[in-house]
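Chain by chain, the residues:
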Amino acid sequence: MIPAQFTYRRVSSVDEALAAVAEHGDDAKLLAGGQSLLPLMKLRFAAPEVVIDIGPLDELRYVRAEGGEIAIGAMSRYHDLHRDPVLAEHAPLLAHVAGEVGDQQVRHRGTIGGSLVHADPAADLPAAVLAVDGVLVARGPDGERRIPAAEFFQGPFETPLAPEELLTEVRIPAQGGAGWGFEKFTRRSIDWAIVGVVVAGSAVSLINMGGTPLRASATEAALADGASAAEAAALAAEGTSPADEAHATAEYRQHLARVLTERALVSAGR
Ligand SMILES: Cc1cc2nc3c(=O)[nH]c(=O)nc-3n(C[C@H](O)[C@H](O)[C@H](O)COP(=O)(O)OP(=O)(O)OC[C@H]3O[C@@H](n4cnc5c(N)ncnc54)[C@H](O)[C@@H]3O)c2cc1C
């Protein structure tokens, strides 16, 4: 449980972080909340030569309402999001989901940026950001680019971010009066979801039902055609390929997806 030797660098601005990743490229890893990176390093699944600590970047720790959108700095911690008044008013789904991640310690350290870049298919916020059609803003040597969430999650722990890029912001539409629901089935309260479901208006996304967070498109199409919550939820597992392992069989996960989708739709008022 002791990580391989590495050089630690602490940066105090986005520009300094970008210069550091440009210098070290593939040999470096950014450290945000450390809730995924440090366990991986201790298990020696990750052994970066240089760890660049972006913890001090308070310039990336904000939530702002901008027109019809909410801009969330990548270094905002789950605890920040759960308690944020702007999110509570304009995007209560995100605030709620952030409050359901892990335990208190994880929520006080883990960041939205770290969760999205880590791209664990069992994680909660990636599915929530996918459900609300969020856009991820990255900065790199060629400037800034915006990547829709639907294009960001490419596989388990796989995104289009280059090692020289920093995720700086997440932009989501203000939810208005749209109903929302979140259901997550875990073995213990602090665990990652065996399966989870996010409903945002007429969008439904699934946690841990494949290699990435997924939109339940058959359910969404049925809702658009006027199906009831029960009828639409019966289609929630269509097109999914969940893991079949010791914690849950694929068949059990598909059953959970249907049950949880109906519950989430009902709590969203569908
Ligand atoms: C006990 C425990 C329980 C947990 N339970 C849950 C759970 O129920 N649900 C859930 O969703 N998650 C859970 N997690 C994972 C947690 O959400 C992590 O915090 C999250 O996955 C990573 O965020 P971080 O800020 O800690 O990132 P880090 O661990 O610091 O980094 C993760 C990865 O992202 C990269 N990175 C971080 N920030 C940036 C950035 N701005 N730009 C580019 N790259 C970046 C890092 O280089 C690294 O590769 C749990 C973790 C623990 C330890």
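It should be emphasised that the depicted structure is a prediction, and the values quoted were computed from it without experimental measurement.

A.B. asks: Is there a simple way to think about the overall build of the chain in this case?
C.D. replies: Looking only at helices and strands, the chain has 12 helices and 12 strands in total. Computed over its C-alpha atoms, the radius of gyration of the chain comes to 18 Å, within 12% of the 18 Å expected for a compact globule of 270 residues. A principal-axis box enclosing the C-alpha atoms of the chain has dimensions of 55 × 45 × 35 Å. The burial tally for the chain puts 49% of its 270 residues in the buried class. Counted over contacts in the chain with a minimum sequence separation of 6, partners at least 24 positions apart contribute 62%. Accessible surface computed for the chain: about 12400 Å², of which carbon and sulfur atoms make up 49%. Both charge centroids of the chain, one from 23 positive and one from 36 negative side chains, sit 6 Å from each other.

A.B. asks: Would you mind going over the sheet that holds strand β11 (residues 203-207) with me for this structure?
C.D. replies: Picture the strands of a sheet paired through backbone hydrogen bonds; they go either parallel or antiparallel. Across the sheet, 4 strands lie side by side as β9-β10-β11-β12; this open sheet has antiparallel pairing. With partners counted over all chains shown, the strands left at the sheet margins are β9 (180-185) and β12 (214-215), one partner each. Pairing of β11 with β12 involves 2 bridges; the strand directions are antiparallel. The residue of β12 that forms the bridge with S205 is R215. Each of β9, β10 (195-200), β11 and β12 touches helix α8 (residues 124-131); the most contacted strand, β11, lies at about 160 degrees to it.

A.B. asks: Honestly, the site of the ligand in this entry has me stumped. Any pointers?
C.D. replies: Taken together, the neighbourhood of the ligand is formed by 29 residues, with L30, S36, L37, Y78 and T111 sitting nearest. A distance of 3.4 Å separates an oxygen atom of the ligand from a polar side-chain atom of K29. In this structure, a nitrogen atom belonging to the ligand sits 2.8 Å away from a side-chain N or O atom of D124. When residues of the shell around the ligand are traced back to their parent elements, those giving at least two are β2 (28-31), α7 (112-118) and β8 (166-173).

A.B. asks: It is not clear to me how the pairing of β11 should be interpreted in this structure. Could you clarify?
C.D. replies: Within a regular strand, side chains alternate between the sheet's two faces. With 5 of 5 residues buried, β11 is to be regarded as a mostly interior element. Here β11 shows no split at all, with A203, S205 and I207 on one side and V204 and L206 on the other all buried. The pairing of β10 with β11 spans 5 bridges and is classified as antiparallel. Looking across to β11, one finds that G196 is bridged to I207. Here β10 folds back onto β11 in antiparallel fashion, the turn holding 2 residues, of which G201 has a positive phi close to 60 degrees. Hairpin remark: β11 followed by β12, antiparallel, with 6 residues in the connecting loop; positive phi at N208, about 65 degrees.

A.B. asks: Would you mind showing me how to read the side chain of S205 here?
C.D. replies: Along the chain, the position of S205 falls in strand β11. Look at S205 and you get buried, because its relative accessible area is 0%. Each residue touching S205, except ones within four places of it in the same chain, is listed here: A127, A128, L130, A131, G196, V197, V198, L214, R215 and A216.

A.B. asks: Would you take a moment to explain helix α10 (residues 217-224) for this structure?
C.D. replies: Along an α-helix, residues three or four apart share an orientation, since each turn contains 3.6 residues. Turning to α10, its buried residues are T219, E220, A222 and L223. One face of α10 carries all of its buried residues, which in axial projection span an arc of 160 degrees. On its buried side, α10 packs onto β11, β12, α11 (229-233) and α12 (250-267).

A.B. asks: Mind showing me how you'd approach the pattern of salt bridges here?
C.D. replies: Taken as a whole, this structure holds 14 salt bridges when the rule is applied. Between D80 and R61 there is a salt bridge, with its nearest N and O atoms 2.8 Å apart. With D80 in helix α3 (residues 78-83) and R61 in the loop between β3 (50-53) and β4 (63-66), this pair connects stretches of sequence that are 19 residues apart. E69 is paired through a salt bridge with R171; the nearest N and O atoms lie 2.8 Å apart. Here R171 lies in strand β8 and E69 lies in strand β5 (residues 69-73), a separation of 102 residues in the sequence. For R171, a relative accessible area of 10% puts it in the buried group. Through salt bridges with shared partners, one network takes in R64, E66, E69, E169 and R171.

Definitions and cut-offs
- Residues numbered from 1 in each chain as written.
- Predicted model: local features only at pLDDT ≥ 70, side-chain atom pairs only at ≥ 80, totals over all residues.
- Heavy atoms only, no water.
- Helix = DSSP H or I, 4+ residues; strand = E, 2+ residues; numbered from the N terminus.
- Rg over C-alpha atoms; globule rule 2.2 N^0.38 Å.
- Buried < 20%, exposed > 50% of the residue type's maximum accessible area, 1.4 Å probe, protein only.
- Contact = heavy atoms within 4.5 Å.
- Areas by Shrake-Rupley, 256 points an atom, 1.4 Å probe, with all protein chains shown as cover.
- Lys, Arg positive; Asp, Glu negative; His and termini not counted.
- Charge placed at Lys NZ, Arg CZ, Asp CG, Glu CD.
- Pairing = 2+ DSSP bridges.
- Axes fitted to C-alpha atoms, helices over the stretch in contact; angles between N-to-C directions.
- Near = heavy atom within 4 Å.
- Polar contact = N/O pair within 3.5 Å; in protein donor to acceptor, adjacent residues only side chain to side chain.
- Arc of directions from axis to C-beta.
- Salt bridge = Lys/Arg side-chain N within 4 Å of Asp/Glu carboxyl O.

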